[in-house]
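Report on the structure
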Amino acid sequence: MVNPQNEEFDDGWLDLNRDANAGGAWMGGGLALIVAIIYAIQLCSLDRDREHFPQTFKIADAIAAGARAFLYREYIFLVGFSVVIGLVLLGLPGLGWRPMVSYWFGAILSAASGYIGMTVATYSNVLTTLACEPNEPGQAGDLNAGLRVAFKSGAVMALSVVSSALIGIAILYVAFEDEDKSGQDRKEIWEHIAAFAFGGSSVALFARVGGGIYTKAADVGADLVGKVEEDLPEDSPDNPATIADNVGDNVGDVAGMGADLFESYAGSIIAAATLGVERFGNAGIAFPFWLAGFGSIASIIGTMLVRTARKVEKQGDKKSKLEAGTQVLNSLLWSIRFAIITSSLLVLGLSWVALGLTFGVNHKESWRLFLTVLTGIICGNAIGFATEYATSYTDSPTVSIAEKSYTGPATVIIQGLGVGMLSTVPPVLFVVIAILCAVSLTGVYGIAVCAVAMLSTLGVTLATDAF
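Residues numbered from 1 in each chain as written. Predicted model: local features only at pLDDT ≥ 70, side-chain atom pairs only at ≥ 80, totals over all residues. Heavy atoms only, no water.

**Topic: the side chain of T274**
Tracing the backbone shows T274 in helix α7 (residues 240-280). For T274, a relative accessible area of 11% translates into the label buried. A polar atom in the side chain of T274 sits 2.7 Å from the backbone oxygen of I270. Among all residues touching T274, those that are not within four sequence positions of it are K187, W190 and E191. (Helix = DSSP H or I, 4+ residues; strand = E, 2+ residues; numbered from the N terminus. Buried < 20%, exposed > 50% of the residue type's maximum accessible area, 1.4 Å probe, protein only. Polar contact = N/O pair within 3.5 Å; in protein donor to acceptor, adjacent residues only side chain to side chain. Contact = heavy atoms within 4.5 Å.)

**Structural notes on the confidence of the model for the chain**
Predicted confidence across the chain gives a mean pLDDT of 83, with 90% of residues reaching 70 or more. Within the chain, helix α13 (residues 425-454) carries the highest mean pLDDT (93), whereas helix α6 (residues 183-229) carries the lowest (79). A low-confidence stretch, residues 1-8 (pLDDT under 50), is modelled with 13 contacts involving residues beyond four sequence positions or located in other chains. (pLDDT = per-residue confidence, 0-100.)

**What to know about the packing of helix α5 (residues 143-176) against helix α14 (residues 458-466)**
With their axes 7 Å apart at the nearest point, α5 and α14 run at an angle of 135° to one another. Regarding the angle of α5 to α14, the classification is oblique. The crossing of α5 and α14 is right-handed. Touching F151, G154, A155, M157, A158, L159, V161 and V162 of α5 are L458, G459, V460, L462, A463, T464 and A466, all from α14. (Axes fitted to C-alpha atoms, helices over the stretch in contact; angles between N-to-C directions. Parallel < 35°, antiparallel > 145°, perpendicular 65-115°, else oblique. Left-handed = near helix turned anticlockwise from the far one by under 90°.)

Next up, the structure:
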């Protein structure tokens, strides 16, 4: 049943109803889940040569065991916290049981995807090392083989987050939706589903913040004990605190980052559907689903494009090693840039298909929404490039900090603080400009659509961070 006030917006190629609205989520989430499983099987099938690399596996096993122990202890507290918050939601007047179920469902899926990603990451660390080993002594290492193993492990994490968020929202929507209700009542259902993203936020609070504090404490402790007291090199295996530092990197930067972006990704889709159902009816719900679903497909293609032909040759003097390292880094960064840009262009093209399926290509709002999607994609990529420029050791901001070391630690600290603060300015400006453009094009709904577009390539961008 179509809401009469929104009938003019149901001109797309699909006969929009509850099942058709969620079709994009089922498609994109299902494909992401299948590819994540395929990548995980491929990683598990690789040879783990323990006999020839006993010390490598000893360290890797210690890191994996530490990461599991950390998450186990953290999740014990998280379960109690989530149960209490869920019961509080149930007890609030006028909400009912749906927010509680949505909250718990979101927390479970976020925690599960983070744990899976962390497990695959710790399992694949040593596989990446072995893949880079040369076939014969004196030969160049196979950088591409190591890159593919590492990126697949990151893609398992990223695609797990994407699939669990899309499928989770689709399940709740299909379970709660009643198309016979009016626009305001249908909006209330989405307000209940919003607790799904809130559940992901709770996991992020523990995993991202807790894991981040842990890894920073372990990192500083490892440096103080290893470098200052024992004169050990960076990340020396003889320093037990190095193991703790690597554990923190996995639980904070993999499981924590996954939980954090799970909430952002799910929240943007839910926000767009909540704002769209009143203004555009079924089309307002279906479009963010299909946009995110097509973004998932584009991300899968992007993960397959990350590769390099560069070889790692042994260098003699330090200058040659530094130059070779810079060339390798630039090669890797270009490969990742190519994958992200290609995925973004695919999303932009497929967004027109999503508009045709939902609003119809001839509708007056379609061009406005298309430009809103373009705004989100440009903003997301601009933020990524600005961040890369500010943090890459080959670019001037980081080089300027290193140059200050000639005059002592005080100038390094001053320059580092200054560059760090200035590096936050471009992303803020990009977000402000994107918000203004989105509002001028399609109102408040445009801000949510812009966010969905910005996060539509999460499957490849999160893989870049996790790998």
